[in-house]
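A structural walkthrough
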Amino acid sequence: DVKVTQSSRYLVKRTGEKVFLECVQDMDHENMFWYRQDPGLGLRLIYFSYDVKMKEKGDIPEGYSVSREKKERFSLILESTSTNQTSMYLCASSRSGAMYGELFFGEGSRLTVL
Amino acid sequence: GESVGLHLPTLSVQEGDNSIINCAYSNSASDYFIWYKQESGKGPQFIIDIRSNMDKRQGQRVTVLLNKTVKHLSLQIAATQPGDSAVYFCAETKGNTGFQKLVFGTGTRLLVSP
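Below is a summary of the structure that appears in this document. (Residues numbered from 1 in each chain as written. Chains lettered and ligands numbered in written order. Predicted model: local features only at pLDDT ≥ 70, side-chain atom pairs only at ≥ 80, totals over all residues. Heavy atoms only, no water.)

Focus on the overall build of chain A
Cut-off, in case you're wondering: By the criteria applied, helices consist of DSSP H or I runs no shorter than four residues and strands consist of E runs no shorter than two, each listed in order from the N terminus. Values of the radius of gyration come from C-alpha atoms, whereas the globule rule sets the reference at 2.2 Å times the count of residues to the power 0.38. With a 1.4 Å probe rolled over the protein chains alone, any residue whose accessible area is under 20% of its type maximum counts as buried; one over 50% counts as exposed, and the rest are partly exposed. Residues are treated as being in contact if the distance between any of their heavy atoms lies within 4.5 Å.
In terms of helices and strands, chain A carries zero helices and eleven strands. Listed by position from the N terminus, the elements making up chain A come as β-β-β-β-β-β-β-β-β-β-β. In terms of overall size, chain A behaves like a compact globule, its C-alpha atoms giving a radius of gyration of 13 Å where 114 residues would be expected to give roughly 13 Å. Projected onto its principal axes, the C-alpha positions of chain A cover 40 × 30 × 25 Å. Scored against the burial criterion, the 114 residues of chain A give a buried share of 47%. Sequence-distant contacts, at least 24 apart, represent 56% of the contacts inside chain A between residues at least 6 apart.

Looking at the layout of surface pockets
Going by this rule: A cavity here means a set of 1 Å grid points, computed over protein atoms only, where a 1.4 Å probe fits but cannot escape. A pocket is an open set with protein on both sides within 12 Å along at least 5 of 7 lines, and lining residues have an atom within 4 Å of a point. Grid points are joined across faces, edges and corners, and a volume is the space filled by probe spheres set on the points.
Taken as a whole, the largest pocket encloses approximately 450 Å³ of empty space. Lining the largest pocket are 24 residues; nearest its centre among them are Gln37, Met88 and Arg110 of chain A together with Gln38 and Arg109 of chain B. Of all the secondary-structure elements, those providing two or more residues to the lining of the largest pocket are strand S4 (31-38) and strand S9 (87-94) of chain A together with strand S8 (86-94) of chain B. The element that contributes the greatest number of residues to the lining of the largest pocket is S8 of chain B, accounting for three residues.

Describing the state of the cysteines
Covalently bonding the sulfur atom of one cysteine to the sulfur atom of another cysteine gives a disulfide. Residues and elements named next belong to chain A. Put simply, the test is: Disulfides are defined as pairs of cysteine sulfur atoms found within 2.5 Å of each other.
Within the structure shown, the criterion is met by two disulfides over all chains. Two residues, Cys23 and Cys91, share a disulfide whose sulfurs are 1.9 Å apart. As the torsion about the S-S bond is roughly -80°, the Cys23-Cys91 disulfide counts as left-handed. Residue Cys23 is found in strand S3 (residues 19-25), and its partner Cys91 is found in strand S9; the two are separated by 68 residues along the sequence.

What to know about the pairing of S9 of chain A
Residues and elements named next belong to chain A. The line we're drawing: For two strands to pair, DSSP has to find at least two bridges joining them.
Within S9, eight of the eight residues are buried, leaving the element largely enclosed by the surrounding structure. Of the two faces of S9, the one holding Ser87, Tyr89, Cys91 and Ser93 and the one holding Met88, Leu90, Ala92 and Ser94 are both buried throughout. The pairing of S9 with strand S11 (residues 109-113) spans three bridges and is antiparallel. Bridge assignment links Ser87 to a residue of S11, and that residue is Leu111. With two bridges joining them, S9 and strand S10 (residues 104-105) adopt antiparallel strand pairing. Of the residues in S10, the one forming a bridge with Ala92 is Phe105.

A short note on the pattern of salt bridges
Two side chains carrying opposite charge are able to pair once their charged atoms lie near each other. Selection rule: We define a salt bridge as a side-chain nitrogen of Lys or Arg found within 4 Å of a carboxyl oxygen belonging to Asp or Glu.
In this structure the tally under the stated criterion is ten salt bridges over all chains. Across the pair Arg73 of chain A and Glu22 of chain A runs a salt bridge whose closest N-O atoms are separated by 3.0 Å. Remark: Glu22 of chain A occurs in strand S3 and Arg73 of chain A occurs in strand S8 (residues 73-78); sequence separation between them is 51 residues. Residue Arg73 of chain A is classed as partly exposed on the basis of its relative accessible area of 30%. Residue Arg57 of chain B pairs with Asp49 of chain B through a salt bridge whose shortest N-O separation is 2.2 Å. Arg57 of chain B sits in the partly exposed class, given a relative accessible area of 35%. Salt bridges sharing common partners tie together Asp28, Glu30 and Lys71 of chain A.

No statement about biological role is implied by the geometric values presented.
Written as structure tokens, this is what we have:
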């Protein structure tokens, strides 16, 4: 089975602190994604990557950056957190050529910024 | 664009009833649609997909209907069970670049009572 593992399930940070969310997938997928999920807003795409060292902005990239140094790992970085970044962050992966295919999601990282 | 709201629509059904969850999509150029199920505390899981050249697709206890004329998608769950209680999201592919991103709806909560 595909497994997408997110390093932290729950984090509490203070405004201005740096946050590093890590995601690892074990199925050799080319594509990886970071979404945030907020009540009533659904899932919104922050960044995605279709290859090592490649990244593309999603719909809401402001305030975030990403890193894809290895194929299995995709990291989301919040350099200086703000309260409006309190959210559930979901990582997902899919295989190349399955752009039409299903995404496999991790269990999420719930971030609270005080 | 996506609909935005503060409150998640909720569908309450009795165990054994059939459930119908609806979704309106925005882009008439979208050519692939997916339904995801998200249980509490977990990431979304793929349920079923449909391409725009089809109007109906059946899975195990689930059926997806696509009406391109009115840009409407529905998920039918037969003989709903308590384990079906979750938030359900539709997603559409959108974009005319080589990489097509999935755009998610805001979700519908399904509550199944015994």
